[in-house]
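Chain residues, written in single-letter form:
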Amino acid sequence: MSENKKLVIGLFGFGVVGEGLYKVLQQTTSLNGTIKKVCIKHPEKKRNAPDTLFTTEKEALLNDKDINVIVEVIDDAGAAFDIVQTALRNGKAVVSASKKMIAEHLPEILSLQKETGLPFLYESAACASIPVIRNLEEYYDNDLLHSIRAIVNGSTNFILTKILEDKLDFADALKLAQELGFAESDPKLDVEGYDAANKWTFLLTHAYGIVAPTSSILFNGIQNIQLNDARIARGRECEIKLVAQAKKLDDGGVAAFVLPQFVPQHDALAFVRQEYNGVVIESGFADKQFFYGKGAGSFPTASAVLSDISALRYDYKYEYKKLYYHEPSKLSSDFYLKVYISAADWSQLPKEELEWIDEWHSGQQRSYLGGVIHYSRLKDSDWWKQPGVSLILAPEAIIEPGELEQLRPVRTKASLEDILA
Ligand code: HSE
């Protein structure tokens, strides 16, 4: 597509993001792009746009020779993938916001891009308004990218802020996130960490060339966080955040997971509140960089979709540099995590799973312990996701195998027996 070529857009979906894009495009005359048709599922709904714009026939967009860009912002991952496949095969560039679809179909999408040579862009699918994909793709060399820590789900961050700072209860905080258009239509995807883990899979592709399904990542959400955990966090001058992390280990593998964490109040991620997202990148020579912006909502998400549409004017494509031009990294499962676990009673805490325990106490309602556990012990089990059990990472949670022995506390046998008793 040359720079002056008009972008004729076929839009799938007119929900929070689709309608936001429609309004944003009306105010962006410099783009030389217009929406020709919008395909929707529910024609009976009242929309803030002329009726003639809408159709329920996907072929009306996918087979229209004038339409050179398909923008897909629907909720159904299976239907979204069908649209993407057909659009690319019909010679149209595609912009998508469907993180679940991308996470579930990335290998096929990579093949389709190779086969058709057409752009498939999805900046809005992770961290909405923050240009994290293009930055990871273009700016950071694989070898120099030491670590990424990020808040990638706006709804859970919003809920945590509302519960822990504004004292709302969970149900009210979630309802507000839904009313404001932040939450997925199935809010379990947000609350239980699926959405963050889905986003993390393709951010790992752009950061490290890793192509792995969501199931290969250790993750949890915020569903089991207790108010008492927040009190303990405050006592340690920390906030609780749902943090996605990736770190290059000494052996070249990448430790990657999405879990709640105690984040020290001086850490940049602790300042990320409400529906905002944040990304801290640590790279060779540059040290730390922090990206911050709205991670959910109509206009912030539409702004990233708009930026992708705009990039099509100069034929921008992801090159997947870390995957195709570097030696791609591999996910590692050989590292340890420093954890803090609380449960309704001791029997829910399999103490023998931990390498060591260096902190433990019992309150009236809950028991707590802190210690170190091998990543695989968590990956291969789910006791720590059960109702009533809450597992939160300590700050600086990753311990490499080579560091373990020097960190292991010196303990007498008697004191160990006290804990296990
Ligand atoms: N439900 C998502 C979130 C929307 O809260 O982050 C943006 O991807």
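Sequence order as written defines the numbering, with residues in each chain counted from 1. Reporting of local features is limited, given that this is a predicted model, to residues whose pLDDT is at least 70; pairs of side-chain atoms are given and counted only at 80 or more, and all residues count toward the totals for whole chains, interfaces and linings. Hydrogen atoms and water are omitted, and side-chain values are computed over all heavy atoms in the structure.

### What about the environment of threonine 86?
Next, step 1: Secondary structure follows DSSP: runs of H or I at least 4 residues long count as helices, runs of E at least 2 residues long count as strands, and numbering of each begins at the N terminus. With respect to the element layout, threonine 86 can be found in helix α3 (residues 77-89).
Next, step 2: Expressed as a C-alpha distance, the spacing of threonine 86 and asparagine 63, which sit 23 residues apart in the sequence, is 9.2 Å.

### What about a negative patch on the surface?
Next, step 1: Together, Asp75, Asp76, Asp82 and Asp186 line one region of the surface with negative charge.
Next, step 2: Along the chain, the position of aspartate 76 falls in the loop between β4 (69-72) and α3. The patches reported here contain residues having more than 30% relative accessible area and no salt bridge. Joining distances are 9 Å for like charges and 5 Å for nonpolar side chains (Val, Leu, Ile, Met, Phe, Trp, Tyr). Surface accessibility in these figures is a Shrake-Rupley result with a 1.4 Å probe; residues are shielded only by whichever protein chains are displayed. The salt bridge definition used is simple: a Lys or Arg side-chain nitrogen within 4 Å of an Asp or Glu carboxyl oxygen. A positive count includes Lys and Arg, and a negative count includes Asp and Glu. His and the chain ends are not counted in either. By convention, the charge on Lys lies at NZ, on Arg at CZ, on Asp at CG and on Glu at CD.

### Focus: the nonpolar core
Next, step 1: As used in this record, nonpolar core signifies buried Ala, Val, Leu, Ile, Met, Phe, Trp, Tyr and Cys residues forming a set joined through side-chain atoms within 4.5 Å. Partly exposed describes any residue whose relative accessible area lies between the buried limit of under 20% and the exposed limit of over 50%, with all areas from a 1.4 Å probe on protein chains only and scaled to the type maximum. In terms of nonpolar packing, the biggest core is built from 112 residues, with Val71, Tyr122 and Trp200 touching the most fellow members.
Next, step 2: For this core, the leading source of residues is helix α9 (residues 194-208), giving 8 residues.
Next, step 3: Residue contacts are defined here by distance: any two heavy atoms, one from each residue, within 4.5 Å place the two residues in contact. What valine 71 contacts, discounting residues up to four positions off in sequence, is Ile9, Gly10, Leu11, Phe12, Leu21, Val95, Val305 and Ile309.
Next, step 4: Core analysis: the second largest hydrophobic core is formed by 24 residues, Ile357, Leu378, Ala397 and Ile398 among them.

### So, the sheet that holds β4
Next, step 1: Any two strands with at least two DSSP bridges between them are considered paired. Spatial strand order, β3-β2-β1-β4-β5-β6: 6 strands in an open sheet with parallel pairing. Looking at the sheet topology across the chains shown, the edges are occupied by β3 (54-55) and β6 (120-121).
Next, step 2: Here strand β1 (residues 7-12) pairs with strand β2 (residues 33-39) via 6 bridges, running parallel. Within β2, the position partnered with isoleucine 9 by the bridge is isoleucine 35.
Next, step 3: Running at roughly 165° to strand β5 (residues 93-96), helix α11 (residues 298-311) makes contact with β1, β4, β5 and β6 of the sheet. For helices, the fitted line uses only the C-alpha atoms of the stretch in contact; every axis is such a line through C-alpha atoms, and the angle between N-to-C directions lies from 0 to 180 degrees.

### Some details on the site of the ligand
Next, step 1: Surveying the vicinity of the ligand reveals the residues Lys99, Asn153, Gly154, Ser155, Phe182, Ala183, Glu184, Asp190, Asp195, Lys199, Gly295 and Ala296.
Next, step 2: Definition of a polar contact: a pair of N or O atoms within 3.5 Å, with one able to donate and the other able to accept a hydrogen when the atoms are protein atoms, and with sequence-neighbouring residues admitted only if both atoms are side-chain atoms. One of the backbone N or O atoms of phenylalanine 182 is found 2.7 Å from a nitrogen atom in the ligand.
Next, step 3: Taking aspartate 190, its side chain carries an N or O atom lying 2.8 Å from a nitrogen atom of the ligand.
Next, step 4: Elements with a minimum of two residues in the shell around the ligand: α6 (154-164) and α9.
Next, step 5: Per-class residue counts for the shell around the ligand are 3 nonpolar, 4 polar and 5 charged. The nearness test applies per residue and asks whether one of its heavy atoms lies within 4 Å of the molecule or strand. For this classification, the nonpolar set comprises Ala, Val, Leu, Ile, Met, Phe, Trp, Tyr, Cys and Pro, the charged set comprises Asp, Glu, Lys and Arg, and every other residue, Gly included, is treated as polar.

### Overview of the packing of aromatic side chains
Next, step 1: Here the aromatic set is Phe, Tyr and Trp, taking the six-membered ring for Trp, and pairing holds for ring centres within 6.5 Å; pairs whose planes are under 30 degrees apart are stacked, those over 60 apart are edge-to-face, and all others are tilted. All told, the structure shown has 17 aromatic pairs when counted by the stated rule.
Next, step 2: When the centroid spacing of 6.0 Å and the interplanar angle of 80° are considered together, the rings of tyrosine 318 and tyrosine 320 count as edge-to-face.
Next, step 3: Residue tyrosine 320 is classed as buried on the basis of its relative accessible area of 2%.
Next, step 4: Grouping aromatic residues by their ring pairs yields a cluster made of Phe120, Tyr122, Phe202, Tyr316, Tyr318, Tyr320 and Tyr324.
Next, step 5: By definition here, charges over rings are those cases where NZ of Lys or CZ of Arg is within 6 Å of the ring centre and within 35 degrees of the ring normal. Here the guanidinium or amino end of arginine 134 rests over the ring plane of tyrosine 316, the centre of that ring lying 5.3 Å away.

### Digging into the domain arrangement of the chain
Next, step 1: Domains are outlined according to an automatic or database domain assignment. Parsing the chain into structural domains produces domain 1 (7-125), domain 2 (132-294 + 319-324) and domain 3 (336-374 + 392-420).
Next, step 2: When each unit is reduced to the centre of its C-alpha atoms, the spacing between domain 1 and domain 3 is 49 Å.

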